[in-house]
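# Commentary on secondary and tertiary structure
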Amino acid sequence: MTDLTFNDRQAMRRARLSLISTAIRYILLCVVGFVMLYPLIWLVGASFKTNSEIFAGAGFLPENPTADGYIKGWQTSTPYTFGRFFWNSFLIILPKVIGTAISCTLAAYAFARFDFPLKKILFGSVIAILLLPNVVTRIPQYILFRDLGWLDSFLPLWVPSALAGDAFFVFMLVQFLRSLPTDMEEAARVDGANSLQTLIYIVVPMLAPALISVCLFQFMWTMNDFLGPLIYLSSVDKYPVSLALKLSIDTTEAFEWNRILAMSVLTIAPALIVFFAAQRYFIEGISSGGIKG
Amino acid sequence: MKMQRLLGLGYLTPYIVGLLVFTAIPFIGSLYLSFTSYDLMSEPRWTGLANYERLFTRDRTFIKSLNVTLLYVFLTVPLKLAFALFIAAILNYKLAFIGLFRTAFYVPSILGGSIAIAVLWRYIFATEGLANMALATIGLSPVDWFGDPTNALFTITLLRCWQFGSAMVIFLAALQSIDKSLYEAAAIDGAGKVRTFFFITLPLLTPVIFFNLIMQMVQAFQEFNGPYIITQGGPLKSTYLLPLYIYDEAFKKFNMGYASSIAWVLFAIITVLTLVAFWSSKKWVFYAGDKRS
C-alpha cells in the first residue's frame with residue numbers, strides 16, 4: 001500500500017465514498033418505495049381474503065383465497081351491478097374527454113397563433129381560473145344547472161369541460177404550441193390552406209403528444225372525481241363508480257370488508273392500467289407544465 | 001389583417017362562453033349570494049353583512065373549522081414539498097432503474113384522489129389495521145389514528161403527503177436541468193455536498209418550489225374527499241375542513257347564502273396567502289439570468 005501515490009489514495013477514497021452514497025440512495029429509495037406501495041399491494045391481496053382474515057395479519061397472501069368479495073361486491077346492495085356503474089363512468093368520461101380535447105385545442109390555437117383584441121386580458125383569465133378555487137363558483141353553478149333543469153343528468157359534468165373550463169389544459173397546450181416552429185403552418189398557408197385546415201392537418205398532428213397527455217389526465221381526474229357527481233347526480237342508476245363505492249361503504253361496511261376492498265381494486269384498475277400503458281405522457285405532461293395532484 | 005384578428009376570437013369563442021357562464025358570472029353571483037339569505041325555495045333576501053357577522057362572532061363551528069383548515073394546510077404543504085424534494089434529490093444521481101423508481105413514486109399521485117384510496121386509508125389506519133400491525137412488529141404500541149382528535153388530522157395529512165409524486169417529478173425535472181458546470185466549479189472551490197445543495201441547488205430550484213407551493217396550497221385548502229370518506233369531519237370536528245362545512249351548509253341544509261359567505265372567506269384567505277407568496281417571491285425566488293438577487 002505504501003507505494004500508492006497520494007492521488008491514487010484520493011481516487012480510491014472518492015470511489016469508496018461514491019459507492020457508499022449509491023448504496024445509501026438505493027436503500028432509502030427501496031424502503032420508501034416499499035412503504036409507499038405496500039398498502040396498494042396489500043389491498044389487492046386483502047381483496048381475496050375472507051372477512052375474518054383481513055384484520056388478522058399484515059401479510060399479502062390470503063390463507064384461504066376467495067373471490068367472494070368480487071362476486072358479492074359486484075352485485076351491490078342496489079338493483080344494479082357494478083357493471084352499470086362502470087358504464088356510467090364511461091358515459092361521463094368519453095364526452096368529457098372529447099369535449100376537453102377539442103375546446104382546449106381551439107383555445108390554445110387562438111392564444112398561440114393569433115393576435116386579437118383583449119388577448120392579454122383573456123390569457124390572464126386562463127391563469128386566474130387556474131388559481132381560482134372551485135369552491136367559490138360551485139354554488140352559483142349548481143343554481144344555474146338547477147334553473148336549466150340539468151340536475152341529475154351528466155350535462156353539468158360535461159358542458160363546462162367542453163367549453164374549455166379546465167384552464168390547466170389550455171395553459172399546457174398553449175405552452176406546447178408556442179414551442180413548436182410555425183414554418184409548416186406558413187407553408188400550408190402559402191399553398192392556400194385556410195386556418196381551420198391548417199389547424200386540423202398541421203397543428204393537431206404536431207400537438208398530438210400534448211393532446212394525449214390532456215386526454216389521459218382528464219380521464220384520470222374524471223375517474224377519480226367524487227364531488228361533482230355527488231352534488232349533481234341523485235339517482236342511483238346514474239352513479240359513476242366513485243359514488244357507487246361510497247354507497248357500498250355506507251350499506252355494507254360494518255361486516256363485508258372484502259366486498260369493499262374488491263370493488264376498490266376494480267375502481268382503481270382502469271386508472272392504473274392506463275397509467276402504466278402511457279406513463280411517458282404523464283411524466284412529460286407534469287414535467288412540462290406542472291400539475292395538480 | 002382585420003380578418004385574422006376576428007378569426008382568433010372565433011377560435012376562442014367556446015372558451016369565452018365558458019369563462020363567462022361558468023366562471024365569471026358564478027364568481028360575481030357567489031359574492032352577491034354571500035350577502036343574502038337563500039334557501040333555493042324563495043328569492044334570495046339581502047341581509048347585508050349578517051352572514052359574515054354570524055361567521056366571525058357567533059359561529060363556533062366555523063372558527064373551529066377555520067383553525068383546522070389552516071393547521072391542515074400549514075402541516076401538509078411543507079411536509080409534502082420537503083419530502084418530494086428530498087426524494088427527488090436522492091433520485092437525481094446516476095442510478096440504474098431511475099425511471100422505475102420515478103414511476104413507483106408517482107403511482108399514488110395517480111390514484112390518491114380516488115374514493116378507493118380513501119377507503120384503503122380507513123382500513124390501513126383502523127385500530128387493527130396495517131399501520132398498527134407494522135408498529136407492533138417493531139415493538140411500538142398501537143396508535144388511535146382516527147379516534148383521537150389530535151391524531152385524526154395528521155392521518156389525513158399523511159394521505160396527502162403519500163401523493164408527493166407529482167411535486168417530485170417537477171422537482172426532478174428541474175434538478176436534472178441544472179447546469180453541471182456549476183457543481184464542478186463548486187467542487188473545485190472546495191464546497192462540500194451539503195453546502196453545494198444549499199448554496200447552488202436550492203437557489204436554482206426556487207422557481208419550481210414557488211410554483212409547487214402555490215399549486216399545493218390552493219389544492220390543500222380545497223381538500224374534500226379524504227376527510228369526507230375517512231372521518232366525516234370527526235372526531236369532535238377535528239378534521240372538519242372548510243370545504244366540508246361549505247358542502248354541508250350548501251347541499252345538505254341548502255343555506256346557499258351562508259355557504260357562499262364561507263366560500264368567500266376561504267377564497268379571501270387563499271388570495272391573501274397567494275399574494276403574500278408572490279410578493280415575497282421577489283426576495284427569495286431566483287430566476288437564472290436575473291440580476292436582482
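The model shown is predicted, which means the values in this text are computed figures rather than measured ones.

When helices and strands are tallied, chain A shows 14 helices and zero strands. Going residue by residue from the N terminus, the α and β elements of chain A occur as α-α-α-α-α-α-α-α-α-α-α-α-α-α. Whereas a compact globule of 293 residues would reach a radius of gyration of roughly 19 Å, chain A reaches 26 Å, over 25% beyond that. Structurally, chain A occupies a C-alpha span of about 80 × 70 × 35 Å along its principal axes.

Moving on to the nonpolar core. Generally speaking, nonpolar side chains in soluble globular proteins are found buried as a group. Counting 183 residues, the largest nonpolar core has W42, F111 and I139 of chain A together with Y15, F105, M168 and M256 of chain B as the members making the most contacts within it. Counting residues per element, this core draws most heavily on helix 4 (residues 82–113) of chain A, which supplies 14 residues. Apart from the residues lying within four places of it in its own chain, the contact partners of M168 of chain B are A84, I87, A88, L91, R102 and F105 of chain B.

Residue and element names in this part refer to chain A. Each domain of chain A was delimited in the assignment, giving domain 1 (6–70) and domain 2 (78–289). With 14 residues of domain 1 in contact, the opposing surface of domain 2 contributes 12 residues. Around 1000 Å² of area is buried between domain 1 and domain 2 when both sides are counted, 74% of it from carbon and sulfur atoms. The three residues of domain 1 that bury the most area against domain 2 are L43, N51 and Y70, which together make up 50% of that side's buried surface. On inspection of domain 1 and its partner domain 2, the count reaches zero salt bridges. At the surface where domain 1 touches domain 2, the tally comes to four residue pairs in polar contact (both at pLDDT 80 or more). When residues of the side of domain 1 that touches domain 2 are traced back to their parent elements, those giving at least two are helix 1 (6–46), helix 2 (51–54) and helix 3 (68–75).

Residue and element names in this part refer to chain A. Tallying each qualifying case throughout the model produces 53 aromatic pairs over all chains. Seen in terms of ring centroids, F169 and W221 are 5.3 Å apart; in terms of plane orientation they differ by 25 degrees. Their pairing is stacked. Here W221 lies in helix 10 (residues 195–224) and F169 lies in helix 8 (residues 167–178), a separation of 52 residues in the sequence. The class of F169 is buried, set by a relative accessible area of 0%.

On to the interface of chain A and chain B. Contacts between chain A and chain B engage 92 residues on the former and 91 residues on the latter. Surface buried jointly by chain A and chain B totals about 8100 Å² across both partners, of which 78% is contributed by carbon and sulfur atoms. Across the chain A-chain B interface, the total number found is zero salt bridges. Counting across the interface, chain A meets chain B through 17 residue pairs in polar contact (both at pLDDT 80 or more). The element that contributes the greatest number of residues to the side of chain A that touches chain B is helix 1 of chain A, accounting for 17 residues. Counted by class, the side of chain A that touches chain B contains 65 nonpolar, 20 polar and seven charged residues.

Reading the values: rules and limits
One numbering rule holds for all chains: residues counted from 1, following each sequence as written. Here every chain gets a letter starting at A, and every ligand a number starting at 1, in the order they are written. Local features are withheld for residues below a pLDDT of 70 in this predicted model, meaning they are given only at 70 or higher, and side-chain atom pairs are given and counted only at 80 or more; totals for whole chains, interfaces and linings count all residues. The side-chain figures draw on all heavy atoms in the structure; neither hydrogens nor water molecules are used. Counting from the N terminus, the helices are DSSP H or I runs at least four residues long and the strands are E runs at least two residues long. With C-alpha atoms as the basis for the radius of gyration, the globule rule is written as 2.2 Å multiplied by the number of residues raised to the power 0.38. In these notes, a set of buried Ala, Val, Leu, Ile, Met, Phe, Trp, Tyr and Cys residues joined through side-chain atoms within 4.5 Å is what counts as a nonpolar core. Here the term buried applies to any residue with accessible area under 20% of the maximum for its type, exposed to any over 50%, and partly exposed to those in between, with areas from a 1.4 Å probe on protein chains only. Any two residues having at least one pair of non-hydrogen atoms within 4.5 Å are treated as being in contact. An automatic or database domain assignment supplies the start and end points of every domain. Put simply, buried area is the surface a 1.4 Å probe can reach on two separate parts but cannot reach once they are joined, added for both. The salt bridge definition used is simple: a Lys or Arg side-chain nitrogen within 4 Å of an Asp or Glu carboxyl oxygen. Any N or O atom pair separated by 3.5 Å or less is treated as a polar contact, with the protein-specific requirement of one donor-capable and one acceptor-capable atom, and with residues adjacent in sequence counted only for side-chain atom pairs. When the centres of two rings from Phe, Tyr and Trp lie within 6.5 Å, Trp using its six-membered ring, the rings pair. Their planes under 30 degrees apart give stacked, over 60 give edge-to-face, and anything left gives tilted. Note on residue categories: nonpolar means Ala, Val, Leu, Ile, Met, Phe, Trp, Tyr, Cys or Pro, charged means Asp, Glu, Lys or Arg, and polar means any other residue, Gly included.

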